[in-house]
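Architecture at a glance
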Amino acid sequence: MNIKSFALALSCGLLLCSCGQKGQNGQTAEQEFAVDVVKTASTSLTQSYPATLKGQEVTDIAAKVSGHIVKVYVQEGATVHKGQALFAIDPTQYQAAVQQAAAAVKVVQTSIATQKLTLENKKMLHDKQIIADYDYQLAQNQLATLEAQLAQAQAAYNAAKDQLSFCTVTSPANGVIGEIPFRVGSLVGPSLPTPLTTVASTSTMFAYFSMSEKALLEMSRQHGSKDAAVKSFPNVQLKLVDGTIYDYPGHIQAISGVIQSATGSVQIRADFQNPQNILRSGGTATIIIPTQMSNALMVPQKATWAVQDKRFVYIVDKENVARTTEITVMSEHDGTNYVVTSGLKEGDRIVIEGVAKLKDGTKIKPITAAQSAAKQKKAQQHMAEKKMPGQD
């Protein structure tokens, strides 16, 4: 038997002896349990929610013309600015279309120049009454027709130039390049269901998370309305996947007006500035919301126990009898204490140690936490003094 086993056995023996002690009247002595008075205190709690990160704007970049990609100017994850070239599509056929349209414009312009000379001649003959009104009006109509043809040819020329300009695909906004599924040589076009890439504007990042309908209802009642609840939210923090806290605080900006029936939750959005592009669209993190509470009714976690989804404590009455009492606590806690929302009131006495050894209706001898700690220390010293030589 090593020293740890010996100490455990000795401790159990002392406990059994203590439990079995009898007083002078032959009655079993009351067991001593640490008891404390429930008090209110100020506390700071945090609520954590898993979140999904999205850029302020995520734009699909699609090809407006058909052709083979001849150049990819950027890499995945690159930071780009508005108007920067991303892809080049083979412009050969579109350059030819521009040249053809320009030639058509030139032909019509020449025809118009010729028709204007003809019209001047017709007017001179008409003024001298050499030709009839019909001939003069016909010349005017021919000029109008040619001018309409020029407008049509000019429109075709402009459209051809636009098509040619579309061969260079540019970024519509500042942001970060997403996945690039197409490379040099790939045939692309407007009908493709998959975009060439995406550009996520990440100067401001949106963190989406869900809160239960019950929690939102409590907040709305507390502050008067959903909009007032949004304004009352403190700054929130973002815990990244590596466990570090993001340098910039976030702000709750929007609460969805629709409850998700499948989960009974509502989506909330927090905005975070992202000047260093640390946050990426599509990433995950944890939203941490601090909650400051004053006059909170606090009980040690070790003073409670749970049965299924209910939590209990032992209240000690005036006769020092321990009574099982159900309590309701907040889901958020500091790791040591619970905040009680119902079942207890300030001034109640509860058992704070050894609740697993108690039974409902047991009469106990209350001692303070300090007395309990002193007894434990004395027992440890006693065991140390009894340590047998040569044992570990």
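Bear in mind that the values here come from a model prediction, so they are computed numbers and not experimental data.

What counts and what doesn't
- Residues numbered from 1 in each chain as written.
- Predicted model: local features only at pLDDT ≥ 70, side-chain atom pairs only at ≥ 80, totals over all residues.
- Heavy atoms only, no water.
- Helix = DSSP H or I, 4+ residues; strand = E, 2+ residues; numbered from the N terminus.
- Rg over C-alpha atoms; globule rule 2.2 N^0.38 Å.
- Buried < 20%, exposed > 50% of the residue type's maximum accessible area, 1.4 Å probe, protein only.
- Areas by Shrake-Rupley, 256 points an atom, 1.4 Å probe, with all protein chains shown as cover.
- Lys, Arg positive; Asp, Glu negative; His and termini not counted.
- Charge placed at Lys NZ, Arg CZ, Asp CG, Glu CD.
- Pairing = 2+ DSSP bridges.
- Phe/Tyr/Trp six-rings, centres within 6.5 Å; stacked < 30°, edge-to-face > 60°.
- Lys NZ or Arg CZ within 6 Å of the ring centre and 35° of its normal.
- pLDDT = per-residue confidence, 0-100.
- Salt bridge = Lys/Arg side-chain N within 4 Å of Asp/Glu carboxyl O.

Tallying secondary structure elements over the chain gives six helices and 19 strands in all. A compact globule built from 392 residues would reach a C-alpha radius of gyration of about 21 Å, whereas the chain, at 42 Å, exceeds it by more than 25%. Once the C-alpha set of the chain is aligned to its principal axes, its extents read approximately 150 × 55 × 30 Å. Counting over 392 residues, the chain shows a buried share of 31%. Accessible surface computed for the chain: about 23,600 Å², of which carbon and sulfur atoms make up 52%. For the chain, the centre of its 37 positive side-chain charges and the centre of its 32 negative side-chain charges are spaced 7 Å apart.

Below, the discussion takes up the sheet that holds strand E8 (residues 187–188). Strand order across the open sheet formed by four strands is E6-E5-E3-E8, with antiparallel pairing between neighbours. Where the open sheet ends on each side, the last strands, each with one partner, are strand E6 (168–170) and E8. The sheet contact formed by strand E3 (residues 67–72) and strand E5 (residues 85–89) spans three bridges and is antiparallel. What sits directly across from Lys71, in E5, is Ala88.

It is worth spelling out the pairing of strand E2 (residues 39–61) at this point. Note: E2 against strand E13 (residues 284–300), 13 bridges, orientation antiparallel. Of the residues in E13, the one forming a bridge with Thr46 is Pro290. Here 10 bridges tie E2 to strand E9 (residues 197–212), and the two strands are oriented antiparallel to one another. Of the residues in E9, the one forming a bridge with Ala51 is Phe209.

Enumeration according to the criterion identifies six aromatic pairs in this entry. Measuring from centroid to centroid gives 5.6 Å for Tyr246 and Tyr248, while their planes differ by 55°, and the two rings are tilted. Directly above the ring of Tyr208 sits Lys54, whose terminal nitrogen or CZ lies 5.5 Å from the centroid. A cation over a ring is seen here: Arg269 above Phe206, with NZ or CZ 4.1 Å from the ring centre.

In this section: the confidence of the model for the chain. Per-residue pLDDT for the chain averages 86, and the proportion of residues at 70 or more is 90%. Confidence scores differ between elements of the chain, with helix H1 (residues 3–20) showing the lowest mean pLDDT of 42 and E5 the highest of 97.

Applying the stated criterion across every chain yields a total of nine salt bridges. The partner of Arg183 in a salt bridge is Glu76, with the nearest N and O atoms 3.7 Å apart. On the criterion of sequence distance, the pair formed by Arg183 in the loop between strand E7 (175–177) and E8 and Glu76 in the loop between E3 and strand E4 (79–80) is long-range, its members being 107 residues apart. By relative accessible area, Arg183 is classed as partly exposed at 36%.

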